Each structure stands twice: as C-alpha cells, then as structure tokens.
Amino acid sequence: MQSEDLYFFKRRYEGEKIDMGDLVEVVAPEGYLGDSFKRTAEDYFSNLEAHPPRFVMMGGGMYSFHVISFALAHLVAERYTIVLTAPGPLLANGGLNGVLYQLKEPAPGSKPL
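Residues numbered from 1 in each chain as written. Predicted model: local features only at pLDDT ≥ 70, side-chain atom pairs only at ≥ 80, totals over all residues. Heavy atoms only, no water.

J.: I tried to follow the overall build of the protein on my own but got confused; where do I start?
T.: Helix and strand content of the protein: 3 helices and 3 strands. For the protein, the succession of helices and strands along the chain, N to C, is α-α-β-α-β-β. Looking at the protein residue by residue over its 113 residues, the buried ones come to 35%. Restricting to contacts in the protein with at least 6 residues of sequence separation, those with at least 24 account for 62%. For the protein, the accessible area works out to roughly 7400 Å², and carbon and sulfur atoms hold 58% of it. (Helix = DSSP H or I, 4+ residues; strand = E, 2+ residues; numbered from the N terminus. Buried < 20%, exposed > 50% of the residue type's maximum accessible area, 1.4 Å probe, protein only. Contact = heavy atoms within 4.5 Å. Areas by Shrake-Rupley, 256 points an atom, 1.4 Å probe, with all protein chains shown as cover.)

Now the structure itself:
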C-alpha cells in the first residue's frame, strides 16, 4: 500500500524511499540536496510508474491530489478505482474522508481482493 499524505506507523523499515512526494518532486530535480537525493527521487518515481502499488490510500480523499506528487496523482486518476471510503477523516487535523484506491489491473501474480 502506498500513500504520500499519510504516515503508516510500522514496526520496521520496509524499503520506503520517500513519503512527501509533492515536495520531493519539486526539490529533487534542482539538485539542492545533492546527487544522491536526486537519484533516490528519480528511482522512486520511475519505479512508481513501472510497478504501481496495488493500493493507494489518501487521507483527504480528492483533497489529497493537492498534497501528493503529480506522478502519483496522475497514476491514481488513470489507473485506479475507489474501493473504500472511510466514514470520517483520517488526518489528525481534520480534512475529508479517507479513500482507498485499488489498481484496475492487478500486478501479475497478485490475488484478487
């Protein structure tokens, strides 16, 4: 599951590269934070397109399109469908209902929901 506007509390690192895609997408190409940061961002965005996650969770529903990367917003708009809408906000500071999106064409080898 992928999200750029929610933080999933986990017990261990699972290979995540970035969690603030909207900011990274703007800052990384300029090189202000060095080549390593730029390469990490490029790798994240190319991998996102080549291997889209099965699920994307947005804490502010359609509002989230303003706080996620253009790359993820485009991917969700083109290749995902809504499978669940939370009955209330998922953001600590309020906002709109959370929405869970599922990839329209599941990744090879994945089981249907």
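J.: What exactly am I supposed to notice about helix α2 (residues 35-50) here?
T.: Because each turn of an α-helix spans 3.6 residues, side chains separated by three or four positions end up pointing in the same direction. Taking 1.5 Å of rise per residue, 16 residues should cover 22 Å, and α2 covers 22 Å from first to last C-alpha, within 8% of that figure. Within α2 the residues assigned to the buried category are A41, Y44, F45 and L48. Looking straight down α2, one finds that the buried residues subtend no more than 90 degrees of arc, so they occupy a single side. Relative to its buried face, α2 has exposed residues pointing more than 90 degrees away, namely D35, R39 and A50. (Expected span 1.5 Å × (residues − 1). Arc of directions from axis to C-beta.)

J.: Honestly, the packing of aromatic side chains in this entry has me stumped. Any pointers?
T.: Remark: the centre distance and the inter-plane angle together describe each pair of aromatic rings, the angle taken between the planes. Under the defined criterion, the tally for this structure stands at 1 aromatic pair. Ring centres of Y44 and F45 lie 4.9 Å apart, and the angle between their planes is 70 degrees; this geometry places the pair in the edge-to-face category. By relative accessible area, F45 is classed as buried at 16%. (Phe/Tyr/Trp six-rings, centres within 6.5 Å; stacked < 30°, edge-to-face > 60°.)

J.: Sorry, what's going on with the environment of M58 here?
T.: With respect to the element layout, M58 can be found in strand β1 (residues 55-58). Sequence separation between M58 and Y101 is 43 residues; the distance between their C-alpha atoms is 8.1 Å.

J.: It is not clear to me how the packing of α2 against helix α3 (residues 70-79) should be interpreted in this structure. Could you clarify?
T.: In helix packing, the relevant descriptors are the interaxial angle and the interaxial distance, both defined with respect to the helix axes. Closest axis-to-axis distance for the α2/α3 pair is 10 Å, and the angle between their directions is 5 degrees. Between α2 and α3, the angle falls in the class roughly parallel. On the side of α2, the interface is formed by F45, L48 and E49, while α3 contributes A71, L72, L75 and R79. A breakdown of the residues in the contact of α2 with α3 according to their chemical character gives 5 nonpolar, no polar and 2 charged. (Axes fitted to C-alpha atoms, helices over the stretch in contact; angles between N-to-C directions. Parallel < 35°, antiparallel > 145°, perpendicular 65-115°, else oblique. Nonpolar A, V, L, I, M, F, W, Y, C, P; charged D, E, K, R; others polar.)

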